[in-house]
Amino acid sequence: MNDAGRVAVIGIGNEYRGDDSAGIAVARRLAGLPDSITVIELPGEGTEIIDAMAPFDRVILADASRSGGVPGTVREFDVSRVSLPVRFFNYSTHAFGLAEALEVARALGTLPPEVTVFAIEGQRFDAGDELSLPVVKGVQEVATRIIETLREDT
Amino acid sequence: MSKNGTTQNRTLRVGLLARVEGEGALHVRVKNNRVVDAKLKIFEPPRFFEALLRGRNYLEAPDITARICGICPIAYQLGASHAMEEACGVRVDGVLRDLRQLIYCGEWIESHALHIFMLHLPDFLGYDDAIGMAAEHKDAVAMGLRLKKIGNMLMSVLGGREVHPINVRVGGFYRVPTATELAELKPELEWARSASIETLELLKTLTYPDFEQEYEYVALSHPDEYAVLDGRLRSNRGLDIPIYEFKSHFVEEHVKHSTSLHAVLRDRGAYMVGPLARYNLSFDQLTDGAREAAIEIGPGRECNNPFRSIQVRAVELLHACDLGLQLIDRYKEPTHPFVETTPRPAVGFGCTEAPRGICWHRYRIDYDGTIRDATIVPPTSQNQKSIEADLREFVTQHLHLNTEDLTWKCEQAIRNYDPCISCSCHFLRLDLERDE
């Protein structure tokens, strides 16, 4: 335990659906984080995200987005202050997905005080276990940013 | 015609079907005030997993097929395990079969709780999604989440983890739980039992469209159980066959507007699988508690209104809690966690009742256990034709509604089936078109 409270990083995605696995890839590239930080991988079903976040004071989530933007683009959302645009993640593998999970948790009062979401814009979501090149770069960028942020804070 | 949205020719279009696993499209065309076309479109080729299985070892099939669906992995793991066991000439019975029933209870609880509370209930309470509902019905949402979590707990204890369980294998399990581990689940299951009755009370207060239909229901049937793991395939119109005859009676057709195959009963057409089918064919085999609650609170002895499938799911939720408690009470740890299997060149079949209906498997393996070919028929693709038929009839009856309301109701009608498109292909986007 440290000053930042209980901290978790949650990577979301389906590792057999191309760039949908970007969040999982982030979770697997977090070597060097302090041991006190919990790293979780989830497939993206909303109620599991609600449960997984509940015990923590601070949660950082990484997921693929499909908003029509440039593949590999990284966007950061401070969910403690603003809601995620629901449509933004609507194409994720599960319809009760991340954006809905965060808002239901907020409505139920179980949303941790500090929640950040990193969205990596995906290029292809068809069957297969490889990330596209721009998304690999996005994954690396997000992993680095998470490691740096958490090192500074802890 | 009047101006409230009932022009003679129109096409309904819904850009995206929310709260369904994946993406698909629905297209409805109305001509001279008659529905002339209703098509559920699915865009993606579905057979990736069948190709992936070829050349793999037979013992790998349960773990590979489990990845088809994050909501109903047990249906795939057990369907594949049963088929491989049959190919090897082995039968798994007794306490190992009980454990299989118990893990299936976990999957049903998880899947039904999710669908009832997070996906279907918002429709009936008049919300666009679970977010709006959560703000004003906190207690109901919290109850749904806790129920679902109890399903997860069963899956964790028996499956090794909640999502994509890793402990199920051909012949049984890698590790079986201790009696103490199972007994610890009882208080939560007892709570879940009461919560299921509370759910039925809540669902009784909702308003349901008057929409009774005639379906050919198809489900597994078993002489002593509300069939889930095995049995014969039966229908309310006289079908009664062993599962290996499935392909002689059911045909999967390519249709122009969908890359997912459409299953039909040969020479008869659409049929329905899932909660309504099981309920109407095997009502008497529900647990005493579930049967009594169904009669006292609803939906009654028989249910032919797909919108009331939400009530049927709640009865099955109660049944799964009751059955889970019975199985835990009689559990005695087996001496060995699985039955040994020796491969031989053979064909094996497996069919179980996934939360959404029968999930059918057929595999051919070689003398060394290599899988030569695989066929999987998931429930959602079997219900596609019934969904289209419902839509055609429902739109016909509700042409007086304006486009927005009609569209919303059509989405609800599709959600009656809890379609899990990740099973039948992966993404499903629904488009319902209407030009005026």
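These notes cover the structure that comes with them. Remember, predicted model here, so these are calculated numbers, not experimental data.

### Let's talk about the sheet that holds strand β13 (residues 371-377) of chain B
Residues and elements named next belong to chain B.
Then, number 1: Pairing is antiparallel in the open sheet, where 3 strands are placed in the order β11-β12-β13. Looking along the sheet, the strands with just one partner apiece sit at the ends: β11 (346-354) and β13. Each strand of the sheet is rotated relative to its neighbour by a mean of 15 degrees, with strand direction disregarded.
Then, number 2: Relative to β13, strand β12 (residues 357-365) is paired through 6 bridges, and the arrangement is antiparallel. Note on β13: the bridge partner recorded for Tyr 363 is Ala 374.
Then, number 3: On top of the sheet, helix α3 (residues 73-88) reaches β11, β12 and β13; it is set at about 150 degrees to β11, its chief contact.

### With respect to the pattern of salt bridges
Then, number 1: Counted by the stated rule, this structure contains 34 salt bridges over all chains.
Then, number 2: Note that Arg 6 of chain A and Asp 57 of chain A form a salt bridge whose closest N and O atoms lie 3.6 Å from each other. Note that Arg 6 of chain A is positioned in the segment before β1 (7-12) and Asp 57 of chain A in the loop between α2 (46-53) and β3 (58-65), a separation of 51 residues in sequence.
Then, number 3: A relative accessible area of 25% means that Asp 57 of chain A is categorised as partly exposed.
Then, number 4: Its salt-bridge partner being Glu 103 of chain A, residue Arg 106 of chain A comes within 2.9 Å of it at the nearest N-O pair. Of the two residues, Arg 106 of chain A and Glu 103 of chain A both sit in helix α3 (residues 98-108), 3 residues apart, roughly one turn of that helix.
Then, number 5: Salt bridges sharing partners connect three or more residues here, namely Glu 45 and Glu 48 of chain A together with Glu 110 and Lys 148 of chain B.

### A short note on the packing of α2 of chain A against α3 of chain A
Residues and elements named next belong to chain A.
Then, number 1: Where α2 meets α3, the closest approach of the two axes is 8 Å, and the angle between their N-to-C directions is 50 degrees. For the element pair α2 / α3, the angle class is oblique. Note that α2 runs across α3; the crossing there is right-handed. Within the contact between the two elements, α2 uses Gly 46, Ile 49, Ile 50 and Met 53 and α3 uses Leu 98, Ala 101, Leu 102, Val 104 and Ala 105.
Then, number 2: When the residues that make up the contact of α2 with α3 are grouped by side-chain class, the tally is 8 nonpolar, 1 polar and no charged.

Cut-offs used in this document
Residues numbered from 1 in each chain as written. Chains lettered and ligands numbered in written order. Predicted model: local features only at pLDDT ≥ 70, side-chain atom pairs only at ≥ 80, totals over all residues. Heavy atoms only, no water. Pairing = 2+ DSSP bridges. Helix = DSSP H or I, 4+ residues; strand = E, 2+ residues; numbered from the N terminus. Axes fitted to C-alpha atoms, helices over the stretch in contact; angles between N-to-C directions. Contact = heavy atoms within 4.5 Å. Salt bridge = Lys/Arg side-chain N within 4 Å of Asp/Glu carboxyl O. Buried < 20%, exposed > 50% of the residue type's maximum accessible area, 1.4 Å probe, protein only. Parallel < 35°, antiparallel > 145°, perpendicular 65-115°, else oblique. Left-handed = near helix turned anticlockwise from the far one by under 90°. Nonpolar A, V, L, I, M, F, W, Y, C, P; charged D, E, K, R; others polar.

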